[in-house]
Amino acid sequence: MKHKRLAAAVLAAALWLTGCGGAAAPAAPAGSGAAAQSTADTAVQTAQKDRITEQFTLEKTIRDEYGITQKLTIHVPQLVCDSPDAAYLNEELAAMYAADFRQYEDSPEIEPQQDEWSPEIYINWDAYWYGDCVSLVVFRYDGGTDPIYSQGWCFDFAAGHKLSVTELLMCMGLDPDAVQQQMLRQAMQTFDRHMAQGGYYEGLLSGGNLASMRMNTLENNQLEDLCLLLPEQNRLVLRGGCSSTAGSGWRQLDVEIPLQAADPQPQTVLTDTYGSASVQLEGTQGTITLRRTPETAAWDTDYGIRLEQDRTFPILGIYNEYIDLCIGELGASFHPVVYLLTKDGVVEYVDVLRCLMSGNVLVCQDPIYIANQGVALERSGEEVILHQEDGSVLELAPLTAEWNGQEIPSEAVGAFNEMADDRFNWMDVESNGLVQMGVQDNNVFYQGYANYLGVVPEGMVLGVSTSETADGMPGITFVAAVKYDLYNETLNLTMIDGQNPFAEGKTQLQLTRCPDN
């Protein structure tokens, strides 16, 4: 089961405030028991505690309407502030955490038998201060093997305004974009590591489940979905999570963010050249350069790919730290594939020709989780092999072909339409990649194929290539990131390359899923 908006995060830092909410004292969680460093600190902490109280408290064992004995430990906070933002936030907290339990306030206390196992619902909160600004985090546990779910709100008491996570990070002097990138990289690295260590199984390629899990990991670690906590002085931690094949399908992840910019460290630069292709990787910034030679000129005839001159492409969708890379081939003609070896010993790859058949975009495909425990890559003839820790070697070409066969993610499979006052367009995608589209107010009909290429923060990347129409119009190619909104049943497209076939000139488009017949 895929959980939406369940990624929680924590903000932890003890800093002196330099521009958000007034003067600050060292930040500490309310009720944490941290010893006061001075009389002034004690006064500040007392004032902070007075600003957040509890609007609903319930601690008792009850028997619910189904006759089940249940232990309830419910503590719901409220902001002591007369601003409209505070009132709205307090109402939201009451609706989310108190409303379902008010009926038990007058219920008799039940004394469970010693051998009786009683399920427990636990709701509590903590507050983490940065001057007059607070990160309020509410924790909920529903018993059993379910994880503890957390949700956070940021508020500036001095201004009486609710803050976004981005705004609070900026108050702390941090670059939200840099923090976001670090969070996404750490989340994806953790997900890939766990999958390689035993979470992956073959069925995940069916239905694009693997792609969905990686996309879910990116989607639920966006800054505004995270909570901020200050567990101790001088530490800022974001608590996010990543998809999992075990338990609830989600596992918690803590990422520590440096409060002060560290001196830049030299990045290891990895390079390789083979035939008409070369690659350079520095940190998570990678490029692939293709030279105009007879072997790449042949792509025009063989695949309809025209390389007019030497060209350098950035690599999209790389998140790990890498220790080696190597270029090899697939098939008989010049078909370059760039292999990347992560510090955890897992192989990722960029199938250059497969990507270019849909547009001018190179995307790193999902890691080959069964090509793990690697220590080095080596070109053997035209293909690449992986040297593993136990001394064995693994041929990567067959695994690459298998991973290329991953089905289209289920969220993007089905019939979708886009209706406006002046047009009607539609698209039908099958799990095997077959695509049909009616565009230009359903006057032009295309048939073709979509390849799943990898994931980027904007969505799961599909490369679409269609044939010439029945009326002799040339086929089209484009690359788009797609993200499905489960609640609104819409497919959001972000164009990455090529012409938007549904709405010319637009980079964003929303398609509505058609009802099943």
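Treat the numbers as computed from the prediction; the structure is a model and nothing was measured.

### Description of the overall build of the protein chain
Regarding its fold elements, the protein chain presents eight helices and 29 strands. Residues classed as buried in the protein chain amount to 52% of the 517 residues present. Within the protein chain, contacts between residues separated by at least 24 positions form 55% of all contacts whose residues are at least 6 apart in sequence.

### Side note on the pattern of salt bridges
Pairing is possible between side chains of opposite charge, provided their charged atoms come close. Scanning the entire structure with this criterion turns up eleven salt bridges. Here Arg140 makes a salt bridge to Asp142, at a shortest N to O gap of 2.9 Å. Linked by salt bridges that have partners in common, Asp192, Arg214 and Asp366 make up one network.

### Side note on the sheet that holds strand S17 (residues 362–363)
What the five strands build is an open sheet, ordered S10-S11-S12-S13-S17; its pairing is mixed. Edge positions in the sheet fall to strand S10 (269–274) and S17, since each has one partner strand and no second. As judged from the six bridges shared by S10 and strand S11 (residues 277–282), these two strands associate in the antiparallel manner. Looking at the pairing, Thr271 lines up with Gln280 of S11.

### Some remarks on empty space enclosed by the protein
Scanning the entire structure with this criterion turns up three cavities of 30 Å³ or more. Quantified by volume, the largest cavity comes out at close to 50 Å³. If you list the elements that add at least two residues to the lining of the largest cavity, you get strand S26 (459–466), strand S27 (477–485) and strand S28 (490–498). With three residues, the single largest contributor to the lining of the largest cavity is S27. Of the residues contributing to the lining of the largest cavity, the split by class is eight nonpolar, no polar and no charged.

### Some remarks on the sheet that holds strand S23 (residues 423–429)
Strand order around the closed barrel formed by eight strands is S22-S23-S24-S25-S26-S27-S28-S29, with antiparallel pairing between neighbours. Between one strand axis and the next, the sheet turns by 35° as a mean value, whatever way the strands run. Note that S27 and S28 share eight bridges and pair antiparallel. Within S28, the residue paired with Val479 across the bridge is Asp497. Docked against the sheet, helix H5 (residues 209–219) engages strand S25 (444–456), S26 and S27, running at close to 65° with respect to S25.

### With respect to the packing of aromatic side chains
For the structure shown, the criterion picks out nine aromatic pairs. Geometrically, the ring pair formed by Trp426 and Phe445 is tilted, given 6.0 Å between the ring centres and 35° between the ring planes. In this pair, Trp426 sits in strand S23 while Phe445 sits in strand S25, placing the two residues 19 residues apart along the sequence. Overall, the relative accessible area of 39% leaves Phe445 in the partly exposed class. Taken together, the ring pairs connect Trp129, Phe155 and Phe157 into an aromatic cluster.

### Let's talk about the confidence of the model for the protein chain
Of the residues in the protein chain, 89% have a pLDDT of 70 or more, and the chain-wide mean is 87. Contacts of residues 23–37 to residues separated by more than four positions or lying in other chains number 33 contacts, the stretch itself having pLDDT below 50.

### Some remarks on helix H8 (residues 397–404)
Three or four residues apart is the spacing at which side chains of an α-helix point the same way, because the helix has 3.6 residues per turn. Listing the buried residues of H8 in full gives Ala397, Leu399, Thr400, Trp403 and Asn404. The arc enclosing the buried residues of H8, seen along the axis, measures out at 160°, which places them on a common side.

### What about the side chain of Gln365?
Relative to the helices and strands, Gln365 is located in strand S18 (residues 365–368). Residue class for Gln365 comes out buried when judged on its relative accessible area of 3%. Sequence-distant contacts of Gln365, defined by excluding residues within four places in its chain, comprise Glu348, Tyr349, Arg354, Trp403, Asn404, Gln406, Tyr452, Leu453 and Gly454.

### Quick word on the pairing of strand S8 (residues 236–243)
Each regular strand shows side chains that alternate between the opposite faces of the sheet. Among the eight residues of S8, eight are classified as buried, and the element is accordingly described as predominantly covered. As paired strands, strand S7 (residues 227–229) and S8 are joined by three bridges and run antiparallel to one another. Residue Leu229 lies in a different strand from S8, and its bridge partner there is Val237. Pairing of S8 with strand S9 (residues 250–257), which is carried by eight bridges, proceeds in the antiparallel orientation. If you follow Leu238 over to S9, its bridge partner there is Val255.

### Looking at the environment of Glu418
Residue position: Glu418 is located in strand S22 (residues 414–420). Residue Glu418 is classed as buried on the basis of its relative accessible area, which comes to 6%.

### Things to note about the packing of helix H4 (residues 176–199) against H5
In the contact formed by H4 and H5, the axes pass within 9 Å of each other and the chain directions differ by 145°. Between H4 and H5 lies a crossing whose hand is right-handed. Contact residues: H4 offers Leu184, Ala187, Met188, Phe191, Asp192 and Met195, while H5 offers Leu210, Met213, Arg214, Thr217 and Leu218. A per-class count over the contact of H4 with H5 returns eight nonpolar, one polar and two charged.

### What about the pairing of strand S1 (residues 52–63)?
Looking at chain direction, S1 and strand S2 (residues 69–79) are connected through eleven bridges and run antiparallel. Counterpart to Glu59 in the pairing with S2 is Thr73. Between S1 and S2, which pair antiparallel in sequence order, lie five residues; one of them, Gly67, sits at a positive phi of approximately 80°.

### Section: helix H2 (residues 84–98)
Helix length check: H2, at 15 residues, gives a terminal C-alpha distance of 20 Å against a target of 21 Å (1.5 Å per residue), a fit within 8%. Among all positions in H2, only Ala86, Leu89, Asn90, Leu93, Ala94, Tyr97 and Ala98 are buried. In an axial view of H2, the angular spread of the buried residues amounts to 140°, which keeps them on one side of the axis. Exposed residues pointing more than 90 degrees away from the buried face of H2 are listed as Pro84, Tyr88, Glu91 and Ala95. The elements touched by buried residues of H2 are S1, S2, strand S3 (120–130), strand S4 (133–141) and strand S5 (149–156).

### Side note on unusual backbone geometry
If you check the backbone angles, Gln373 has positive phi at about 60° while not being a glycine. Structurally, Gln373 is set in the loop between S18 and strand S19 (374–380). Of note in this structure, Asn442 is not a glycine but carries a positive phi near 65°. Relative to the assigned elements, Asn442 resides in the loop between strand S24 (434–439) and S25. Its relative accessible area of 39% is what places Asn442 among the partly exposed residues.

About the criteria used
Positions within a chain are numbered from 1, following the residues in the order the chain's sequence is written. Totals for whole chains, interfaces and linings use every residue, but because this is a predicted model, local features are given only for residues with pLDDT of at least 70 and side-chain atom pairs only at 80 or more, for both listing and counting. Side-chain figures throughout are based on the complete set of non-hydrogen atoms in the structure, without hydrogens or water. Think of it this way: any DSSP run of H or I at least four residues long counts as a helix, any run of E at least two long counts as a strand, and we number them from the N terminus. For every residue, the accessible area (1.4 Å probe, protein chains only) is compared with the maximum for its type, and the residue is labelled buried under 20%, exposed over 50%, or partly exposed between those bounds. By definition in these notes, contact holds between two residues if any of their heavy atoms fall within 4.5 Å. Here a salt bridge means any side-chain nitrogen of Lys or Arg lying within 4 Å of a carboxyl oxygen belonging to Asp or Glu. DSSP calls a pair of strands paired once it identifies at least 2 bridges connecting them. Throughout, the protein atoms alone are placed on a 1 Å grid, and a set of points is a cavity if a 1.4 Å probe fits but cannot get out or a pocket if it is open with protein on both sides within 12 Å along at least five of seven lines; lining residues have an atom within 4 Å of a point. Grid points are joined across faces, edges and corners, and a volume is the space filled by probe spheres set on the points. In this classification, Asp, Glu, Lys and Arg are treated as charged, Ala, Val, Leu, Ile, Met, Phe, Trp, Tyr, Cys and Pro as nonpolar, and every other residue, Gly included, as polar. Here the axes come from fitting lines to C-alpha atoms, over the contacting stretch only for helices, and the angles between their N-to-C directions go from 0 to 180 degrees. Note on aromatic contacts: the rings of Phe and Tyr and the six-membered ring of Trp form a pair at centre separations within 6.5 Å, being stacked when their planes are under 30 degrees apart, edge-to-face when over 60 apart, and tilted otherwise. Confidence per residue, as judged by the predictor, is encoded in pLDDT with a range of 0 to 100. When we speak of the arc, we mean the arc of directions from the helix axis to the C-beta atoms. Here a crossing is called left-handed whenever its near helix is offset anticlockwise from the far helix by less than a right angle, and right-handed whenever the offset is clockwise. A helix is expected to span 1.5 Å for every residue after the first.

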